[in-house]
Protein chains: 2
Amino acid sequence: MRYVLLVAYDGTHFCGWQVQNNGRTVQAELERALSRLVGKVRVTASGRTDAGVHAAGQVCHFDAESTIPPERLADGVNPYLPPDVKVLKSAAAREGFDANRTAKRKTYVYRLYFARRDDPLKERYAVRVGETLDFSRMEEAASMLEGEHDFKAFCASGSSVRTTVRTIYRIGFRRAELFEMRVTGNGFLYNMVRTIAGELVAVGAGRLTLSDLKYALETGDRSKVGKTMPAKGLTLESVDYGFQIFSE
Amino acid sequence: MRYVLLVAYDGTHFCGWQVQNNGRTVQAELERALSRLVGKVRVTASGRTDAGVHAAGQVCHFDAESTIPPERLADGVNPYLPPDVKVLKSAAAREGFDANRTAKRKTYVYRLYFARRDDPLKERYAVRVGETLDFSRMEEAASMLEGEHDFKAFCASGSSVRTTVRTIYRIGFRRAELFEMRVTGNGFLYNMVRTIAGELVAVGAGRLTLSDLKYALETGDRSKVGKTMPAKGLTLESVDYGFQIFSE
């Protein structure tokens, strides 16, 4: 049977999602904990997250022969997991479901706060911006990035993907306790959300113009674009498969 | 000269505010860092916070002979402080100011979240409640606690204070990303805010009635009241001295 899990983690003390020889990873913690219940399994996520990136709604699957009712698995495995990664929901996957290959849209949130000095209560999940930002210019830049584009200039160099064309359905801003930039797309290149966050901040601060951004988008030239923002401000919020995975 | 500081800290890894022989404290970290700039000083806060309690706006003062401009002190001391405690603002105290004795009102926020299972991204600054709460009954209970009362039943036993009469100006609820209970009063007894939080949750869950609460308030009998909630959900939000301390 294929099980599907909704997983949340605080990325601060993880070297990212994927199992590696050195360093603590979310995948390794999950596989270790699940092995206590259903034996050795390999867990597949909707996609990797980098070191320090958080997840409020990562989705993953694994295959196992087990008599544990799918909905009960979350409560069964959580006692074996450390406090910084927990299974929020579990279910039986529907026919043909693959957490990675059938994912349709992903939503990430990048969090900022505006202050002259570091605030210990905000530093864990957000990044401080000391500059004054022009939000209406950021809105303009965000709409320029929405839609289908070649995001070649917006990913870390050296990524080996078939195509760098992606569709961003929406980039929205929300001023809550922290300032949130919410991005929904059909997929993201390596470091793409963190690069976009850096560019929108640079546009807001007046260090990058809308035409610089347009130029990067049209030519794929990364030289003028802003810096990649720190991992800790980024959270994988949700993954959409086009149907409701969990009944509860 | 008397300096006044606005200090924020993440209480997770502190054994509270006050210097003690064993265990890391906020006061000790501040005094150690300040000694690098102005020599040995004693720092006085608006009041102690317990182990695990956070502060977004603790106010404290110290006396020192120094040529450092008061407004610059924050940037001067922060490099000597660990990431979990920082000075947000600094200024010269006005005549007669005492962070502890002249404080007029304090505001605390207690944060909850409602979920069936622990969420690693919420656990650091909030407490999970698995029960369904009746918010209108909680509002009723909160108004019952507002005003001047003898809060004897609402403090940890064994506190040696002159009087257990305090005034709560306002208890308000706000449903943001986390559920917030905000309490403003002229002072709080030991564990009083955490006890009130526990009782309001108990009222919301139907485990405590409004008349139980009224009985506790009138008689000082602690036997029927709810449990004291964990420290990590509590944040000292601000301290009000009746005038603006910091010009910036």
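What comes next is a walk through the structure. As the structure is a computational prediction, the values presented were derived from the model and not from experiment.

All right, on to the pairing of strand β10 (residues 234-240) of chain A then. Residue and element names in this part refer to chain A. With two bridges joining them, strand β3 (residues 54-63) and β10 adopt parallel strand pairing. Note that in β10 the partner of H54 across the bridge is T235. Pairing geometry for strand β5 (residues 105-114) and β10, over six bridges, is antiparallel. When the bridges of β10 are listed, V109 appears paired with T235.

Moving on, we get to the packing of helix α3 (residues 135-145) of chain B against helix α4 (residues 192-205) of chain B. All names here are of chain B. One can describe the packing of α3 onto α4 by two numbers: an axis separation of 8 Å at closest approach and a directional angle of 140 degrees. Put simply, α3 runs oblique to α4. Seen along the crossing, α3 lies across α4 with a hand that is right-handed. Residues R137, M138, A141, A142 and L145 of α3 touch α4, and the partners they reach there are I196, L200, V201, V203 and G204. The residue makeup of the contact of α3 with α4, split by class, is eight nonpolar, one polar and one charged.

Two chain copies, one operation linking them: a rotation about an axis together with a shift along it. Mapping chain A onto chain B calls for a screw motion: a turn of 180 degrees about the axis and a shift of 0.0 Å along it, with 0.0 Å RMSD after fitting. Here the transformation between the copies is reduced to the relation of a two-fold axis. Most of the interface of chain A is mirrored in chain B: 100% of its interface residues are interface residues there too.

Residues and elements named next belong to chain A. The topology assignment puts A99 in the loop between β4 (85-92) and β5. Judged by relative accessible area, which is 0%, A99 ranks as buried. Along the chain, A99 and G147 lie 48 residues apart, while their C-alpha atoms are 24 Å from each other.

All names here are of chain B. Counting residues in hydrophobic clusters, the biggest one holds 77 residues, and the most contacted among them are F62, F154, I171, M181 and L200. Among the elements that take part in this core, α4 stands out by supplying eight residues, more than any other. Mapped onto the domain boundaries, this core takes at least three residues apiece from domain 1 (2-102) and domain 2 (105-237). Among residues more than four places away in sequence, those in contact with L200 are M138, A141, A142, L145, I171, F173 and M181.

Below, the discussion takes up α3 of chain B. Quick reminder: α-helices carry 3.6 residues per turn. Residues three or four places apart thus point the same way. Residue and element names in this part refer to chain B. Looking at α3, one finds that the buried residues are M138, A141, A142 and L145. The buried side chains of α3 occupy one side of the element, clustering within an arc of 100 degrees when seen end-on. Looking at the buried residues of α3, the elements they touch are β7 (147-150), β8 (165-175), β9 (179-185), α4 and α5 (210-219). Within two residues after α3, G147 carries a phi angle of roughly 100 degrees, on the positive side.

Residue and element names in this part refer to chain A. The element strand β1 (residues 2-9) is largely enclosed, with a buried count of seven among its eight residues. By the bridge criterion, seven bridges tie β1 to β3 in an arrangement that is antiparallel. Note that in β3 the partner of L6 across the bridge is V59. Examined bridge by bridge, β1 and β4 share seven bridges and lie antiparallel to one another. Pairing of V7 across the sheet is with V87, part of β4.

All names here are of chain A. Here helix α4 (residues 192-205) contains 14 residues, and its C-alpha end-to-end distance of 20 Å stays within 8% of the 20 Å for a straight helix at 1.5 Å per residue. In terms of burial, α4 is largely enclosed, as 13 of its 14 residues are buried. Note on α4: the residue one or two positions beyond its end, G206, has a positive phi of about 85 degrees.

What counts and how
- Residues numbered from 1 in each chain as written.
- Chains lettered and ligands numbered in written order.
- Predicted model: local features only at pLDDT ≥ 70, side-chain atom pairs only at ≥ 80, totals over all residues.
- Heavy atoms only, no water.
- Pairing = 2+ DSSP bridges.
- Helix = DSSP H or I, 4+ residues; strand = E, 2+ residues; numbered from the N terminus.
- Axes fitted to C-alpha atoms, helices over the stretch in contact; angles between N-to-C directions.
- Parallel < 35°, antiparallel > 145°, perpendicular 65-115°, else oblique.
- Left-handed = near helix turned anticlockwise from the far one by under 90°.
- Contact = heavy atoms within 4.5 Å.
- Nonpolar A, V, L, I, M, F, W, Y, C, P; charged D, E, K, R; others polar.
- Least-squares fit on C-alpha atoms with pLDDT ≥ 70 in both.
- Buried < 20%, exposed > 50% of the residue type's maximum accessible area, 1.4 Å probe, protein only.
- Core = buried A, V, L, I, M, F, W, Y, C linked by side-chain atoms within 4.5 Å.
- Domains from an automatic or database assignment.
- Arc of directions from axis to C-beta.
- Expected span 1.5 Å × (residues − 1).

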